[in-house]
Amino acid sequence: MIMQSVYEEILGELGPDVQLVAVSKTKPVEDIRALYDLGQRDFGENYVQELVDKHSQLPSDIRWHFIGHLQSNKVKYIAGFVHLIQGVDSLRLLKEINKQAARHNRVIACLLQVHIAREETKFGLDATELDEILQAVRATPQDFTHIRIRGLMGMASFTEDQEKVREEFKGLKDLFVEHFSRAQASSDQHFVLSMGMSGDYTIAVREGSNMVRIGSLLFGKRV
Ligand SMILES: *Cc1c(COP(=O)(O)O)cnc(C)c1O
């Protein structure tokens, strides 16, 4: 069940400069539609089959974000409609997205996922790997005409230690500034720093996030 008051409270907290992606994984289409009816258009999923099913059942003006770990062999199922692939963590995956996007005559926006949680093993690039991917794309732009790298995404450690979470977000923000602030300044493109979930989005926003991915706070706990 969607609580309109919670939704509006979150929107109020985020303000106009931070985009809300409603993470609807495992939740039924009725819940998505309820939030859609309140005006929400950006939704995030992290299972390919579930995303494909929901996309086919819901209004076409929804912007679907793929937020999890994406296997190269599944890109083809979402390439025709996905709005933003958050969580690209290899050059191989980027090449596959480019190839499938070309088939659909699209340019697909991507975020590179950086591993910022120090203790947990989550997917993502370290600072060196991030550098390598960005350099590889810059070196052969002709091989990447159907993707746009629009920024970074990261997940902090799942911990009560707020200072640790804050430091992890700060580290990601620093990488974002290092790699994207010049591009941001010299174009009218908007670059994305996607960080913050139900439990830590207020810290993330304070540390400079401009996109949060919120699931359980909006839709209730997942089983
Ligand atoms: C599930 C998920 C979220 C949302 O998590 P909540 O804690 O329910 O807000 C955000 N980002 C990613 C990558 C996720 O997998």
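Check the entry above for the structure.
A short tour of the structure in this document, coming up.

Calculation criteria
- Residues numbered from 1 in each chain as written.
- Predicted model: local features only at pLDDT ≥ 70, side-chain atom pairs only at ≥ 80, totals over all residues.
- Heavy atoms only, no water.
- Near = heavy atom within 4 Å.
- Polar contact = N/O pair within 3.5 Å; in protein donor to acceptor, adjacent residues only side chain to side chain.
- Areas by Shrake-Rupley, 256 points an atom, 1.4 Å probe, with all protein chains shown as cover.
- Helix = DSSP H or I, 4+ residues; strand = E, 2+ residues; numbered from the N terminus.
- Phe/Tyr/Trp six-rings, centres within 6.5 Å; stacked < 30°, edge-to-face > 60°.
- Buried < 20%, exposed > 50% of the residue type's maximum accessible area, 1.4 Å probe, protein only.
- Lys NZ or Arg CZ within 6 Å of the ring centre and 35° of its normal.

## Topic: the site of the ligand
Inspection of the region around the ligand gives 13 residues, with Lys25, Ser198, Gly215, Ser216 and Arg222 positioned closest. One of the side-chain N or O atoms of Arg213 is found 2.9 Å from a nitrogen atom in the ligand. Isolated, the ligand exposes 390 Å² of accessible area, and the fraction of that covered by the protein chains is 91%. Among the elements of the structure, strand S6 (147-155) and strand S8 (211-214) are those that each provide at least two residues to the shell around the ligand.

## Some thoughts on the packing of aromatic side chains
Within the structure shown, the criterion is met by three aromatic pairs. Ring centres 6.1 Å apart and planes at 45° place the aromatic pair Phe43 and Trp64 in the tilted group. Of this pair, Phe43 sits in strand S2 (residues 42-45) while Trp64 sits in strand S3 (residues 63-66); the two residues are 21 residues apart in sequence, bridging distant segments of the chain. The class for Phe43 is buried, based on a relative accessible area of 0%. Members of the aromatic cluster, connected to one another through ring pairs, are Phe176, Phe180 and Phe191. Lying across the ring of Tyr36, Arg41 places its NZ or CZ 3.6 Å from the centre.

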